[in-house]
Every structure is written in structure tokens, then in C-alpha cells.
Amino acid sequence: QVQLVESGGGLVQAGGSLRLSCAASGRTFSRYAGGWFRRAPGKEREFVSAISWSGGSTYYADSVKGRFTISRDNAKNTVYLQMNSLKPEDTAVYYCAGSLSTAQLMGQMEQNKYWGRGTQVTVSS
């Protein structure tokens, strides 16, 4: 099974930046789509971003488009999320996820996804 471990979360002031990393283990992870979800206090989990196995296709939630950039380095089995111009409403636990395709990753079936444990991102005013 694929195992995912997030890092890079922390406390930052509004307007600042953070880069999240998701390190993965597994024989075929380099062929997996990767992505990020987040859960803010009192809210349901929401989709943030996704990237195809090749890195050629990326997807973003409207709320982060233009501010966040997803990328990957398959040689390192790592997916990144560069977060710029952070806002207090970005405060959430961010979860790394993987699946066989971006469609599955962004779909509703939990059985088709692997999840990390999450990393806290807090943006102060």
C-alpha cells in the first residue's frame, strides 16, 4: 500500500508563504495522481489541488487559483504545494492524497484514495 507523509505546515502571517511536501512510498507511486485537500474548523473537507502522474495536468479550487501551485518530483516520490499570498481563511489541516488518476482523486469514492495524516496550516491576521 501507498503511505503518504506531509510536512511543511506551520504558523504564518497573512500575505506570507509556505511550501507543503508530501513524501510517498510505494512501488508505483510515480504513476499516481497526487493532490491536496483541507479541512477548516467547523467545515467539511474540501478539494484544493491535484496533479497528474506526469505533472502535465493540474487542477485548483477557485479559492486558491493564482495563489497556490502544485508540483511533483517523481524521482523523490514527492508532491509539493507552494502556497503564496496566504489568507486567514486558508487556515486548515491540509491532507495529501493519492489515486490512480486525477478524476478518481477528485471523485467521491474514498476507497480509491490514499491519505496522509495531515499538517496544520495557520494564517494569522
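Summarised in this report is the structure supplied together with it. (Residues numbered from 1 in each chain as written. Predicted model: local features only at pLDDT ≥ 70, side-chain atom pairs only at ≥ 80, totals over all residues. Heavy atoms only, no water.)

It is worth spelling out the environment of Thr69 at this point. Summarising the element assignment, Thr69 is placed in strand β7 (residues 68-73). With relative accessibility at 42%, the residue Thr69 sits in the partly exposed group. Spatially, the C-alpha atom of Thr69 lies 8.8 Å from that of Thr58, the residues being 11 residues apart in sequence. With near-sequence residues (within four places) excluded, Thr69 lies in contact with Tyr60, Tyr80, Leu81 and Gln82. (Helix = DSSP H or I, 4+ residues; strand = E, 2+ residues; numbered from the N terminus. Buried < 20%, exposed > 50% of the residue type's maximum accessible area, 1.4 Å probe, protein only. Contact = heavy atoms within 4.5 Å.)

Counting residues in hydrophobic clusters, the biggest one holds 25 residues, and the most contacted among them are Trp36, Phe68, Leu81, Met83 and Tyr94. If you list the elements that add at least two residues to this core, you get β3 (18-25), β5 (46-51), β7, β8 (78-83), β9 (92-99) and β11 (119-124). Per-element accounting of this core gives the leading share, four residues, to β3. (Core = buried A, V, L, I, M, F, W, Y, C linked by side-chain atoms within 4.5 Å.)

Right, let's talk about the packing of aromatic side chains for a bit. Where two aromatic rings form a pair, the distance of their centres and the angle of their planes describe that pair. Inspection of every chain in the model, using the stated rule, returns three aromatic pairs. These aromatic residues form a ring-pair network of at least three members: Phe37, Phe47 and Trp115. Its guanidinium or amino end placed over the ring of Trp53, Arg31 lies 3.8 Å from that ring's centre, counting from NZ or CZ. Arg45 extends its terminal NZ or CZ atom over the ring of Phe37, reaching a point 5.8 Å from the ring centre. (Phe/Tyr/Trp six-rings, centres within 6.5 Å; stacked < 30°, edge-to-face > 60°. Lys NZ or Arg CZ within 6 Å of the ring centre and 35° of its normal.)

What is shown is where atoms sit, not what they do.
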